[in-house]
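One letter stands for each residue in the lines below.
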Amino acid sequence: MAECVNDSDADSRIAYGDYVVLKRGEVFKSVQVENKKKVIFEKQWFFMDNVVGQLYGTIFEIVAGGSLKHKPVKRAGDSLDSKEAGQDNRHIVDDGRSQKLTRDDIETLKEQGLKGQEIVQQLVDNSTTFKDKTEFAQEKYIKKKKKKYESDITVLKPSTRLLAMMYHGREPGKICHLRYDTLAQMLTLGNIHAGSKIIVFETCAGLVLGSVMERMGGFGSVIQMFPGGGPTRAGMESFGFPSHFHQTLHEFPLCKVNAVLAGKLNLSEKDTENSRSEETSAEKNSEAQNMEISLDPQEQMRRAERDRLRELRAQEKKVKMEEKRKKLASAAALLEDRNADGLVIASRFHPCPVLMGLLKFVAPSRPFVVYCQYREPLIECYNKLRELGGVINLRLTDSWLRHYQVLPNRTHPVLLMSGGGGYLLSGTTVNAGTAKTKNPHKSEEPDAKRLKLEEMAPSCDSSA
């Protein structure tokens, strides 16, 4: 898949501290550009210092010493010599003896300073069966050897598509096997746009959160609901958002959702307990110091220094706790309005209780979307929502993706493909007060037919 440099990418250059995506073949890796930092990618190590000041989309080559060298763009005529070709491959036998060069010979060529393309040319010249192969087989052979011996790396600007492909190709378990086409459907069904207020609950290493923030463009509010002690944002940090993007991000623990719904949220209880425990420990330390009879002057100085450092740490901890309390208070204020513009859920937990709790914060006529790797939990959510009401346009969908090789005289589907991309449950909220409640004891017949039967009943009684 060819990569092109967008106009927005061409106006910006790589600098220290930026997050970039390295591409080699169909493999991706996200790294941060730092001074003299060794990066290991595809069993090769190098330094990223030479990419600073270059445009995104630039191709580099790994040279001796681990440095990166800018590589010019290949022209149409720059190709390996392969003029002769056979008609078919029926007489070619893969017995392992068609290549004259051994592993030691290839290592010797590398020591002599030959580059990847030159080594591939040597392999082509020393292959006894290369000229007998068809033109398509020759190109396939050259492509395979280039992938092994050439060390070209493309530096790209992080985006939702690249990071989703990176995680799905390297560590799919971290993102609950969320495929990039399914993620694109989530952003579309959730109606993510600038200026909206979105609630996000995900355990996909921050990939879904970063995708939502990228789509919003730094305008609006994103409330991240997290389980446990704190949110996970490794994937979101890989986007390299500017500072004003982070100002739109709020966080709130999932364990306090019921307190917000009941109007009994108290954020000062934990801080009071911490302050009380700190005061008690300080009193015990002072009493222990007073009980000591005499100390050496140097020991007194060291003790005073330890006390000063302890006080500084206590003050820093107090400031951090106050900042955390303010953030939680601001997130709680956004939730208490119950006017969120959308809800996005993608986690490894069972989605039904989470969906039922967070759906109460979404305003009417707003979309929601839930991702799950398996179908059965979403079927349970579907039936539960049908029973409770308050939602319309419920849809449970499954995405199917297949790549096609499009080349002259050889266009066909790729044989190896992804088995499944997970399932999505989407819908739209409505005002529960105006929704008609169904009586299970009443018949499901239309009103006109039911009225006709009621009119016929008295006439039957009179005739009797």
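As shown above, the structure is provided for reference.
One structure accompanies this document, and this report is about it.

Parameters at a glance
- The residue numbers shown here count from 1 along each chain, following its written sequence.
- Note on the predicted model: pLDDT of at least 70 is required for a residue's local features to be given, and 80 or more for side-chain atom pairs to be given and counted; whole-chain, interface and lining totals, by contrast, use all residues.
- The side-chain numbers reported here are obtained from all heavy atoms of the structure, hydrogens and water having been left aside.
- Axes here mean lines fitted to C-alpha atoms, for a helix over just the part in contact, with angles spanning 0 to 180 degrees between N-to-C directions.
- The secondary structure listing takes helices from DSSP runs of H or I that are at least 4 residues long and strands from runs of E that are at least 2 residues long, numbered from the N terminus.
- Throughout, the term roughly parallel applies to angles under 35 degrees, roughly antiparallel to angles over 145, roughly perpendicular to angles from 65 to 115, and oblique to all others.
- Crossings are classed by handedness, with left-handed meaning an anticlockwise turn of the near helix from the far one by less than a right angle and right-handed meaning a clockwise turn.
- Any two residues whose heavy atoms approach within 4.5 Å at even a single point are treated as in contact.
- The classification used treats Ala, Val, Leu, Ile, Met, Phe, Trp, Tyr, Cys and Pro as nonpolar, Asp, Glu, Lys and Arg as charged, and all other residues, Gly among them, as polar.
- A pair of strands counts as paired when DSSP detects no fewer than two bridges linking them.
- Exposed residues in this analysis have more than 50% of their type's maximum accessible area, buried residues have under 20%, and partly exposed residues fall in between, with area computed by a 1.4 Å probe over protein chains only.
- Looking down the strands as they point away from the viewer, one classifies a crossover as right-handed if the path from the first strand across the helix to the second runs clockwise.
- A pair is scored as a salt bridge if a Lys or Arg side-chain nitrogen falls within 4 Å of a carboxyl oxygen belonging to Asp or Glu.

### As for the packing of helix α3 (residues 116–125) against helix α4 (residues 135–149)
Packed helices, taken two at a time, are described by their axes: the angle between them and the distance between them. As a packed pair, α3 and α4 sit with axes 9 Å apart at the nearest point and diverge in direction by 140°. In terms of orientation, α3 lies oblique with respect to α4. The way α3 lies across α4 gives a crossing that is right-handed. Residues G116, I119, V120, L123 and V124 of α3 lie in contact with α4, whose contacting residues are Y141, I142, K145, K146 and Y149. When its residues are assigned to classes, the contact of α3 with α4 shows 7 nonpolar, 1 polar and 2 charged.

### Quick notes on the sheet that holds strand β8 (residues 196–202)
The 7 strands are arranged β10-β9-β8-β11-β12-β16-β13 in an open sheet whose pairing can be described as mixed. Across the chains shown, the open sheet's two edge strands, defined by having one partner strand only, are β10 (249–253) and β13 (391–398). Neighbour to neighbour, the strand axes of the sheet diverge by 15° on average, direction disregarded. Bridging between β8 and strand β9 (residues 220–226) involves 6 bridges; their strand directions are parallel.

### Overview of helix α6 (residues 180–189)
Those residues of α6 lying buried are D181, T182, L183, M186 and L187. Tucked inside the fold, the buried residues of α6 contact α5 (160–170), α7 (207–216), β11 (342–346), β12 (367–372) and β16 (423–429). A positive phi of about 55° marks N191, the residue just after α6.

### A short note on the pairing of β9
Most of β9 sits out of view: 6 of its 7 residues are buried. On the question of chirality, the crossover connecting β8 to the parallel β9 by way of α7 is right-handed. Where β9 and β10 come together, 5 bridges link them in parallel fashion. Across the sheet, residue V222 finds its bridge partner in β10, namely L249.

### Side note on the side chain of S196
Take S196: it is sitting in strand β8. The class for S196 is buried, based on a relative accessible area of 2%. S196 has contacts with M216, F219, G220, S221 and D341, leaving out every residue within four places of it along the chain.

### A short note on the pairing of β11
Within a regular strand, side chains alternate between the sheet's two faces. Most of β11 sits out of view: 5 of its 5 residues are buried. Burial of β11 is two-sided: the residues G342, V344 and A346 facing one way and the residues L343 and I345 facing the other way are all buried. In terms of strand pairing, β8 meets β11 through 5 bridges, oriented parallel. Opposite E202, over in β11, you have A346 as the bridge partner. Looking at chain direction, β11 and β12 are connected through 4 bridges and run parallel. Bridging across to β12, I345 finds its partner in V370. Of the crossover connections in this fold, the one passing from β11 over helix α13 (residues 351–358) to the parallel β12 is right-handed.

### Remarks on the environment of N393
Following the sequence through the fold, N393 ends up in strand β13. N393 sits 26 residues away from P367 along the chain, and the two C-alpha atoms are 9.6 Å apart. The residues contacting N393, other than those within four sequence positions of it, are S426, G427 and T428.

### Looking at the pattern of salt bridges
One pass over the full model with this rule turns up 10 salt bridges. One salt bridge connects K71 with D152, and the closest N-O pair in it is separated by 2.6 Å. Placement of K71 in the loop between β6 (68–70) and α2 (103–111) and of D152 in strand β7 (residues 152–156) is noted, with a sequence separation of 81 residues between them. Salt-bridge contacts for R103 lead to E107; the nearest nitrogen and oxygen are separated by 3.6 Å. In this pair, R103 and E107 are both assigned in helix α2, 4 residues apart and thus about one turn of the helix distant. Judged by relative accessible area, which is 41%, R103 ranks as partly exposed.

### Let's talk about the sheet that holds strand β1 (residues 19–24)
Pairing is antiparallel across the open sheet formed by 5 strands, whose spatial order is β2-β1-β7-β5-β6. For this open sheet the edge positions go to β2 (27–32) and β6, each flanked by a neighbour on one side alone. Averaged over neighbouring strand pairs, the angle between their axes works out to 35° when direction is ignored. As defined by bridge partners, β1 adjoins β7 across 3 bridges and the pair is classed as antiparallel. The residue bridging K23 from the neighbouring strand is T154, located in β7. Contacts from α5 reach β1, β2 and β7, with the element oriented near 115° to β2.

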